[in-house]
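The lines below spell out each chain.
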Amino acid sequence: FDKINGNNLWTEAIRKELAVMIQYEVFEVHTDINHFTKEEGWQFAKLIWIFAVKHDGRHKARLCIGGHTTIADEFDTYASTVKPENVRLQLFLSAKEGMEMISGDIGSAYLNAYTKEKIWTRLDAGFGPDLEGKVARIIKALYGLKTSANVWYFHLCDTLREMGFTQSKLDNAIWYRLREDESQYDYFSHHVDDFLLSGDKSIKRWIDMLELSYTITGKGEPKYHLGHDIDKINKNCYKLGSRTYVKNALDKVKRI
């Protein structure tokens, strides 16, 4: 595809993804396959490349694993995500109280957590001649494993508790924290790796604390969040729209 298009967008996307895998130490390489085949409980799963063009034109290559071919009945796979109506409630409260808001993504979110599954794989040609064909254990919560969403969710929950936030009983993906002057609460909601933070003018300190544990991307005043355009009319009013979502949908229909 790069040759046809006269660029190297997909090649660079693959290189970037492999660099992330190395940075987060996703694999533990072994030279002896007997380490996995002779010990009870190990399961093999094949690596899979997923390619996509994002809504802003970025070319994304994601390395996943065929967890659908494995059995994980002994593990919990539950992971809560914020309900859309509660995101609107957070927006309403933020507008009503004139709060500051910051949205963002947690980069390579799953790879911050360790997997509990005993999965091994074989590295493909993308890893280069030194590693191609070698076997490796999956250490981190690689995309595709049945428990990855679960272990990442609880990893983030632990981080938020350490920051002093309390989990809402209304929605397990909404958190709140009473301010030092006890005048109001700050709010944090999350949907996998996308988050929305509401608070006073010192709101950036929570981003600074998150960045001690994670790589935060796209941080700033929310313009597009969970499929919605967000326009700030004034200090106490936000408008939700679906122009970007509809445009992307129509572009896909046109291509089909």
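As the structure is a prediction and not an experimental result, all values here were calculated from the model. (Residues numbered from 1 in each chain as written. Predicted model: local features only at pLDDT ≥ 70, side-chain atom pairs only at ≥ 80, totals over all residues. Heavy atoms only, no water.)

**Q** What's the story with the overall build of the chain in this structure? I'm lost.
**A** Scanning the chain from terminus to terminus reveals seven helices and 15 strands. By its C-alpha atoms, the chain is 60 × 45 × 30 Å across when sized along the principal axes. Expressed as a percentage of its 256 residues, the buried residues of the chain come to 40%. Pairs at least 24 residues apart make up 66% of the contacts formed inside the chain by residues separated by at least 6 positions. When the accessible area of the chain is evaluated, it comes to approximately 14900 Å², of which 53% is carbon and sulfur surface. Within the chain, the 36 negative side-chain charges are centred at a point lying 5 Å from the centre of the 36 positive side-chain charges. (Helix = DSSP H or I, 4+ residues; strand = E, 2+ residues; numbered from the N terminus. Buried < 20%, exposed > 50% of the residue type's maximum accessible area, 1.4 Å probe, protein only. Contact = heavy atoms within 4.5 Å. Areas by Shrake-Rupley, 256 points an atom, 1.4 Å probe, with all protein chains shown as cover. Lys, Arg positive; Asp, Glu negative; His and termini not counted. Charge placed at Lys NZ, Arg CZ, Asp CG, Glu CD.)

**Q** Quick question: what am I supposed to make of the nonpolar core here?
**A** For soluble globular proteins, the rule of thumb is that nonpolar side chains tend to be buried together. Judged by nonpolar contacts, the single largest core of 26 residues is most densely connected at Ile106, Phe165 and Phe188. Sorting the residues of this core by element identifies strand E5 (100-106), helix H5 (148-162), strand E11 (194-199) and helix H6 (204-210) as the ones contributing at least two each. Sort the elements by how many residues they give to this core and H5 lands first, with six residues. Dropping the residues within four chain positions of it, Ile106 is found in contact with Asn112, Trp152, Leu156, Asp193, Phe195, Tyr214, Thr215 and Ile216. (Core = buried A, V, L, I, M, F, W, Y, C linked by side-chain atoms within 4.5 Å.)

**Q** What's the story with unusual backbone geometry in this structure? I'm lost.
**A** Note on backbone geometry: most residues besides glycine have negative phi, and most peptide bonds are trans. In this structure, Ser108 is a non-glycine residue whose phi angle is positive, near 50°. Of note, Ser108 is situated in the loop between E5 and strand E6 (119-122). Despite not being glycine, Val192 has its phi angle at roughly 60°, a positive value. When you line up the elements, Val192 lands in the loop between strand E10 (185-191) and E11. Residue classification places Val192 among the partly exposed positions, given a relative accessible area of 29%.

**Q** What should I look at first to understand the sheet that holds strand E14 (residues 228-234) in this one?
**A** As a general point, the strands of a sheet are linked pairwise by backbone hydrogen bonds and lie either parallel or antiparallel. Ordered in space as E13-E14-E15, the three strands form an open sheet in which the pairing is antiparallel. A strand with exactly one partner marks an edge of an open sheet, and here the two such strands are strand E13 (224-225) and strand E15 (237-241). Across five bridges, the pairing between E14 and E15 is antiparallel. Along E15, the bridge assignment pairs Asp231 with Lys239. (Pairing = 2+ DSSP bridges.)

**Q** Even after reading the chapter, I still don't get the confidence of the model for the chain, so can you show me in this structure?
**A** Reading fine detail from the predicted coordinates is not recommended where pLDDT is low. Here the chain averages 91 in pLDDT, while 100% of its residues score no lower than 70. The element-level mean pLDDT for the chain is lowest in helix H3 (residues 34-37), coming to 79, with strand E8 (residues 166-167) highest at 97. (pLDDT = per-residue confidence, 0-100.)

**Q** Looking at this structure, how should I read a nonpolar patch on the surface?
**A** A surface patch of nonpolar side chains, about 310 Å² in accessible area, is lined by Leu89, Phe92 and Leu170. With respect to the element layout, Leu89 can be found in helix H4 (residues 84-96). (Patch = residues over 30% accessible without salt bridge, like charges linked within 9 Å, V, L, I, M, F, W, Y side chains within 5 Å. Salt bridge = Lys/Arg side-chain N within 4 Å of Asp/Glu carboxyl O.)

**Q** What am I meant to see in the pairing of strand E3 (residues 47-53) here?
**A** Remark: a regular strand shows side chains that alternate across the two faces of the sheet. As paired strands, E3 and strand E4 (residues 59-65) are joined by seven bridges and run antiparallel to one another. Looking at E4, one finds that Phe51 is bridged to Ala61.

**Q** Even after reading the chapter, I still don't get the environment of Asn234, so can you show me in this structure?
**A** Within the secondary structure, Asn234 is located in strand E14. Residue Asn234 is classed as partly exposed on the basis of its relative accessible area, which comes to 40%. Sequence-wise, Asn234 and Gly98 are 136 residues apart; in three dimensions their C-alpha atoms are separated by 9.3 Å. A distance of 2.8 Å separates the side chain of Asn234 from the backbone nitrogen of Asn236, its partner in a polar contact. Side-chain polar atoms of Asn234 contact the backbone nitrogen of Cys237, separated by 3.1 Å. (Polar contact = N/O pair within 3.5 Å; in protein donor to acceptor, adjacent residues only side chain to side chain.)

**Q** Help me understand H4, please; the structure alone is not making it clear to me.
**A** Structurally, the α-helix is built with 3.6 residues per turn, so residues lying three or four positions apart point the same way. Compared with an ideal rise of 1.5 Å per residue, which puts 13 residues at 18 Å, H4 spans 18 Å between its outermost C-alpha atoms and is within 8% of the ideal. Of the residues making up H4, those classed as buried are Asn86, Val87, Gln90, Leu91, Ser94 and Ala95. Phi turns positive, to about 65°, at Gly98, one or two residues after H4. (Expected span 1.5 Å × (residues − 1).)

**Q** Is there a simple way to think about the environment of Asp229 in this case?
**A** The residue Asp229 is located in strand E14 in this model. For the pair Asp229 and Ala72, spaced 157 residues apart in sequence, the C-alpha to C-alpha distance is 38 Å. When residues no more than four places from it in sequence are discounted, the contact partners of Asp229 are Lys223, Tyr224, Lys239, Leu240, Gly241, Ser242, Arg243 and Thr244. Here the side chain of Asp229 touches Arg243 through a polar contact of 3.0 Å, landing on its backbone nitrogen.

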